[in-house]
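In case you want the letters, here they are:
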Amino acid sequence: MSRDPSADSRISAEDIRRRKGGVPIVCLTAYTYPVARLLDPHVDLLLVGDSVAMVLHGHATTLGASLEMMIAHGQAVMRGSARACVVVDMPAGSYEASPAQAAAAAKRIVEETGCQAVKLEGGVDTASRIAAIVAEGIPVMGHIGLQPQSVEKDGGYRIKGRTEDNIAALLSDAEAVEEAGAFSVVIEGTMEVVAAKLTRHISIPTIGIGASADCDGQILVIDDMVGMTVDRVPKFVKEYADLRGVMADAAARYAAEVRSRAFPGPEHVFTTASGKDKT
Ligand code: KIV
């Protein structure tokens, strides 16, 4: 993909890193061109999350995401945004085998999308992969706490930081991600008090989801935030709109008007032979 001409005016990963302890960093996921266009003026960071596999493609877990899927959605979000820092998730299977595999996959994502950074899950176990990607000059966002790519292994979506051992492991994970050179880290599904402690403990910004208002920023999945979630709405989600209801109502009214032939009306059809109709 050719270089994004707006790249220099975008918020960079380094800009995000410098916001530790400052005005909270506003992040949302985005997967498509029109949604990226709508969100871009309002957010600091757009994450092309591997949640796309569940939200848009109907997979049961994020394990349904592939590198090609992430690149296609990353390209769409880059086309639709000009200001936000765009981060693309590394899907399961693209970085675990070795640091070299992780670096190659991250390079491919950045070269083919033009995004500002990549994100990958894991703490101590993933630090060598983060370091290898950073060594290639690619900024990395970490992701600790509840890690959706591991839910099958973990036996479900389990909140982290409930035991002393787990709190110690989370502190080690946060330190490992920071030491490996990440510019920020997502803390997901973690006890409030622990997420706040992790935020105080490290010098890079923490981005919370199901974590704490004390994190340096917050992220939600866009479809959850606008009320498009079709199944259970998780506790940590606040719905700021009811697009589910709006779309269901629009579909019902459209269906009724098609069946009654009220749609299309005279204003929606072409009637002048001269071709001067508004298209
Ligand atoms: O894939 C995703 O959307 C994420 C966010 C929930 C942080 O990783």
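All of these numbers come straight from a predicted model, not from anything done at the bench.

### Description of the overall build of the chain
Right, so step 1: Scanning the chain from N- to C-terminus turns up 11 helices and eight strands.
Right, so step 2: The C-alpha extent of the chain, read off along each of the three principal axes, is 75 × 40 × 35 Å.
Right, so step 3: Residue burial in the chain is summarised as follows: out of 279 residues, 48% are buried.
Right, so step 4: Taking the contacts inside the chain whose residues are at least 6 apart along the sequence as the reference set, 59% of them involve residues at least 24 apart.
Right, so step 5: Summed over its atoms, the accessible surface of the chain is roughly 13900 Å², and 57% of this surface lies on carbon and sulfur atoms.
Right, so step 6: The centroid of the 28 positive side-chain charges in the chain is displaced by 5 Å from the centroid of its 36 negative side-chain charges.

### Looking at the pattern of salt bridges
Between side chains of opposite charge, a pair can form when the charged atoms approach closely.
Right, so step 1: Within the structure shown, the criterion is met by 12 salt bridges.
Right, so step 2: A salt bridge links arginine 18 to aspartate 15, with the nearest nitrogen and oxygen atoms 2.9 Å apart.
Right, so step 3: Judged by its relative accessible area of 55%, arginine 18 falls in the exposed class.
Right, so step 4: The salt bridge involving lysine 119 is made with aspartate 89; its shortest N-O contact spans 2.8 Å. Residue lysine 119 is located in strand 4 (residues 117-119), and its partner aspartate 89 is located in strand 3 (residues 85-89); the two are separated by 30 residues in the primary sequence.
Right, so step 5: Put simply, Glu14, Asp15, Arg17 and Arg18 are held in one network by salt bridges that share partners.

### Quick notes on the domain arrangement of the chain
Right, so step 1: Structurally, the chain comprises domain 1 (13-241) and domain 2 (243-279).
Right, so step 2: Computed over C-alpha atoms only, the centres of domain 1 and domain 2 are separated by 41 Å.

### What to know about the sheet that holds strand 7 (residues 206-209)
Strand pairing in a sheet relies on backbone hydrogen bonds. The paired strands run either parallel or antiparallel.
Right, so step 1: Strands sit in the order 1-2-3-4-5-6-7-8 around a closed barrel of eight strands; the barrel is parallel. With strand direction ignored, the average angle separating the axes of adjacent strands in the sheet is 25 degrees.
Right, so step 2: Relative to strand 3, strand 2 (residues 45-48) runs parallel, the two being bridged by four bridges. Bridging from a neighbouring strand, leucine 45 pairs with cysteine 85 of strand 3.
Right, so step 3: In the packing of helix 8 (residues 164-179) onto the sheet, contacts are made with strand 5 (140-145) and strand 6 (184-188), and the angle to strand 5 comes to roughly 175 degrees.

### What to know about helix 6 (residues 127-135)
Right, so step 1: What helix 6 keeps buried is the set Ala127, Arg129, Ile130, Ala132 and Ile133.
Right, so step 2: Buried residues in helix 6 make contact with helix 5 (99-113), strand 4, strand 5 and helix 8.
Right, so step 3: Positive backbone phi, at 85 degrees, marks glycine 137, one or two positions downstream of helix 6.

### Section: a nonpolar patch on the surface
Right, so step 1: Where nonpolar side chains cluster on the molecular surface, the patch consists of Tyr254, Val258 and Phe263 and spans about 270 Å² of accessible area.
Right, so step 2: Counting through the fold element by element, valine 258 comes out in helix 11 (residues 243-260).

### Describing the site of the ligand
Right, so step 1: In the neighbourhood of the ligand, the contacting residues comprise Thr29, Leu47, Gly49, Asp50, Ser51, Asp89, Lys119, His143, Val186, Ile209 and Val221.
Right, so step 2: Within the contact set of the ligand, an oxygen atom lies 3.0 Å away from a side-chain nitrogen or oxygen of aspartate 50.
Right, so step 3: The side chain of serine 51 places a nitrogen or oxygen atom 2.5 Å from an oxygen atom of the ligand.
Right, so step 4: Residues of the shell around the ligand, tallied by class, amount to four nonpolar, four polar and three charged.

### Brief notes about the environment of glycine 142
Right, so step 1: Relative to the elements of secondary structure, glycine 142 occurs in strand 5.
Right, so step 2: Put simply, glycine 142 and valine 221 are 79 residues apart on the chain and 17 Å apart in space, counted from C-alpha to C-alpha.
Right, so step 3: Glycine 142 has contacts with Lys119, Leu120, Val177, Ala182, Ser184, Val185 and Val186, leaving out every residue within four places of it along the chain.

### So, the state of the cysteines
Right, so step 1: All told, the structure shown has zero disulfides when counted by the stated rule.
Right, so step 2: Unpaired in terms of disulfides, cysteine 27 finds its nearest cysteine sulfur in cysteine 85, a separation of 8.6 Å.
Right, so step 3: The buried category is assigned to cysteine 27, whose relative accessible area is 3%.

The rules behind these values
- Residues numbered from 1 in each chain as written.
- Predicted model: local features only at pLDDT ≥ 70, side-chain atom pairs only at ≥ 80, totals over all residues.
- Heavy atoms only, no water.
- Helix = DSSP H or I, 4+ residues; strand = E, 2+ residues; numbered from the N terminus.
- Buried < 20%, exposed > 50% of the residue type's maximum accessible area, 1.4 Å probe, protein only.
- Contact = heavy atoms within 4.5 Å.
- Areas by Shrake-Rupley, 256 points an atom, 1.4 Å probe, with all protein chains shown as cover.
- Lys, Arg positive; Asp, Glu negative; His and termini not counted.
- Charge placed at Lys NZ, Arg CZ, Asp CG, Glu CD.
- Salt bridge = Lys/Arg side-chain N within 4 Å of Asp/Glu carboxyl O.
- Domains from an automatic or database assignment.
- Pairing = 2+ DSSP bridges.
- Axes fitted to C-alpha atoms, helices over the stretch in contact; angles between N-to-C directions.
- Patch = residues over 30% accessible without salt bridge, like charges linked within 9 Å, V, L, I, M, F, W, Y side chains within 5 Å.
- Near = heavy atom within 4 Å.
- Polar contact = N/O pair within 3.5 Å; in protein donor to acceptor, adjacent residues only side chain to side chain.
- Nonpolar A, V, L, I, M, F, W, Y, C, P; charged D, E, K, R; others polar.
- Disulfide = S-S within 2.5 Å.

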